[in-house]
Amino acid sequence: MKEYIYLDNAATTQVYPEVFEAMKPYFTEYYANPSSIYSFAGKSKKAVEDARSRIAGFIGARPEEIYFTAGGSESDNWALKAAALAYAGKGKHIITTTIEHHAVLHTCQALEKQGYEVTYVNTGSDGIVKLDELKAAIRPDTILISVMAANNEIGTIQPLAGIGALARENGILFHTDAVQAFGHIPVNVDKLQVDMLSASAHKINGPKGAGIMYIRRGVKIGSFIHGGAQERQRRAGTHNVTGIVGMGKAVELALQTMEQRASYETELRNYLIDRVLAEIPYSRLNGHREHRLPNNANFCFRFIEGESLLILLDQNGICASSGSACTSGSLDPSHVLLAIGLPHEIAHGSLRITLSEKTAKEDIDFTVDKLKAIVERLRSMSPLYEDFLKHH
C-alpha cells in the first residue's frame, strides 16, 4: 500500500527525476549569472536560451516572444496591469469572466480602484463562457479580454479560438491564463489568436517559482518589474536559471507524452466520475462532462461540508482539495461554483480530484470506496440530511 494517494495535481505536481537531474548542474557547477560577460556565464546563458526556444516551439511562438517570470500569478498581474497602463489612451474597459483564477480577479479589482471598468461575463451552468455574452460586453473603449484556457477548479476548457477571433475582429488585446491547460492539452498561440499567455512550470512536473509570459510581437506593454535589463528590458531580476532549465525539461517531457497521458487520464477520470455518480447518492459533477481537462473531476455532495470531507480523506492517506489551493485558507464556498449557479449549501460540499499519469486504477477504487463511507458517515451526522429524508 502506498503511503498516500496524491490526487491534487491541479495544485502542484511532483518534479520528475529527469527534470531534477537537468537542473542540478546549474546549482553547483554552472552557477554563473547568465547576464555576466565572461565565458563561464555562457553555459547558463545558453541553458536559458535553449529553454526559451523549446517553450516557444511548444506553443507555436517565437523565442523572443517568451519572457521568464516567477510563475502564473506574476504573469497574470503583468498582462493585466501593463496592458491597462499601456492602452489607457484608447480606453479603460476590460472584459473577463466570473470564474477566473484569483490572480486575474484580484488584479481586475485592483484596476477598478484605479478607475478602470471591468465587465465580468458569466458562464453557463457547465462553466463554459458564452461567446454571444462576451460579444455583447464589447464596447468602443474595451482594451483587453482575459479568459482562462481551462478552469483550475472544475476543469472546463474554454472556446479560446472563438474568443481570439472576436478580440482580433474588434482590435482588442486577448490574454489567456493557460496555467492549467499548458502541457495538458494543445495550446497554439496563432491558432487561438492569443496576444498574451501565462503559464507555470510546477503544473507540469517542473519546479515551483518558474513561469512564462508570452507577449506577441507588436504588443506594446511595458515592464512589470523594474531594475535591470534582463528579458529584453521587460522583466528585471537575475534569471532563475535552475527553474528555467527545469521548466524547459518539463516541457520537453510534456511534449513527448501529452497524447498518451491525456488519453490515459481521460479514461481514468471517466471511470472515477461514473463510479462516484452511480454509487454516491445526491452527488453531482461540476463543469462540462466532455469539455474538461483530461485529469480533472470536481464533485459536490449534498448535505456535507467539504472541509470535513478533506480531513477524513487525509486520515485515509488521500490528498485532494475542495478547489484552488490559493483559497484553501478561506471558508467561503468556491467563487467558481457560485458563479456556475450552485447554491451556497451545495457549493460547500465540493471535492476536486486531479489525477496524473502515475495515478493507478486501484488508487481510484480505494478512493471511491473510502469516499462512499466518509460521505455516508458525515450525512449520518447531518440534521439537514435527516430532515431531507423525512420529507422525501
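Since we're looking at a predicted model, the values are computed, not measured.

**Considering the overall build of the chain**
- Of the regular secondary structure elements, the chain holds 14 helices and twelve strands.
- For 392 residues, the compact-globule estimate of 2.2 N^0.38 gives 21 Å, and the C-alpha radius of gyration of the chain, at 22 Å, lies within 12% of that figure.
- Its C-alpha atoms give the chain principal-axis dimensions of about 75 × 55 × 35 Å.
- Burial analysis of the chain (392 residues in total) assigns 56% to the buried set.
- Split by element, the accessible area of the chain, about 16900 Å² in all, is 54% carbon and sulfur.

**With respect to the sheet that holds strand β8 (residues 211–215)**
- With respect to topology, seven strands assemble into an open sheet ordered β2-β8-β7-β6-β5-β3-β4, the strand pairing being mixed. Of all the strands in the sheet, just β2 (66–69) and β4 (117–121) have a single pairing partner and so form its edges. Going across the sheet, the axis of each strand differs from the next one's by a mean of 20 degrees, ignoring polarity.
- With three bridges connecting them, strand β6 (residues 173–177) and strand β7 (residues 196–200) associate as parallel partners. By the bridge assignment for β7, His175 is matched with Met196.

**Points about the packing of aromatic side chains**
- According to the stated counting rule, one finds ten aromatic pairs in the structure shown.
- Measuring from centroid to centroid gives 5.8 Å for Tyr67 and Trp78, while their planes differ by 75 degrees, and the two rings are edge-to-face. On the criterion of sequence distance, the pair formed by Tyr67 in strand β2 and Trp78 in helix α4 (residues 72–86) is long-range, its members being eleven residues apart.
- For Tyr67, a relative accessible area of 5% puts it in the buried group.
- Over the ring of Tyr30 we find Lys43; its NZ or CZ atom is 4.9 Å from the centre of that ring.
- Just above the ring of Tyr385 sits the side chain of Arg379; from NZ or CZ to the centre is 5.6 Å.

**What about the packing of helix α9 (residues 241–279) against helix α13 (residues 361–380)?**
- Between α9 and α13, the shortest axis-to-axis distance is 10 Å and the interhelical angle comes to 20 degrees. Comparing the axis directions of α9 and α13 gives the class roughly parallel. Note that α9 runs across α13; the crossing there is right-handed. Contacts from Tyr264, Leu268, Tyr271, Leu272, Arg275, Val276 and Glu279 in α9 reach Lys361, Ile364, Asp365, Val368, Asp369, Leu371 and Lys372 in α13.
- Class assignment of the residues belonging to the contact of α9 with α13 gives a composition of eight nonpolar, no polar and six charged.

**Concerning empty space enclosed by the protein**
- Inspection of the entire model under this criterion finds one cavity of 30 Å³ or more.
- In this structure, the largest cavity spans a volume of roughly 60 Å³.
- Along its surface, the largest cavity is lined by Asn9, Thr13, Tyr16, His184, Asn205, Arg261, Glu265, Asn295, Leu355, Ser356 and Glu357.

Rules used throughout
- Residues numbered from 1 in each chain as written.
- Predicted model: local features only at pLDDT ≥ 70, side-chain atom pairs only at ≥ 80, totals over all residues.
- Heavy atoms only, no water.
- Helix = DSSP H or I, 4+ residues; strand = E, 2+ residues; numbered from the N terminus.
- Rg over C-alpha atoms; globule rule 2.2 N^0.38 Å.
- Buried < 20%, exposed > 50% of the residue type's maximum accessible area, 1.4 Å probe, protein only.
- Areas by Shrake-Rupley, 256 points an atom, 1.4 Å probe, with all protein chains shown as cover.
- Pairing = 2+ DSSP bridges.
- Axes fitted to C-alpha atoms, helices over the stretch in contact; angles between N-to-C directions.
- Phe/Tyr/Trp six-rings, centres within 6.5 Å; stacked < 30°, edge-to-face > 60°.
- Lys NZ or Arg CZ within 6 Å of the ring centre and 35° of its normal.
- Parallel < 35°, antiparallel > 145°, perpendicular 65-115°, else oblique.
- Left-handed = near helix turned anticlockwise from the far one by under 90°.
- Contact = heavy atoms within 4.5 Å.
- Nonpolar A, V, L, I, M, F, W, Y, C, P; charged D, E, K, R; others polar.
- 1 Å grid on protein atoms, 1.4 Å probe; cavity = no way out; pocket = protein on both sides within 12 Å on 5 of 7 lines; lining within 4 Å.
- Points joined across faces, edges and corners; volume = space filled by probe spheres on them.

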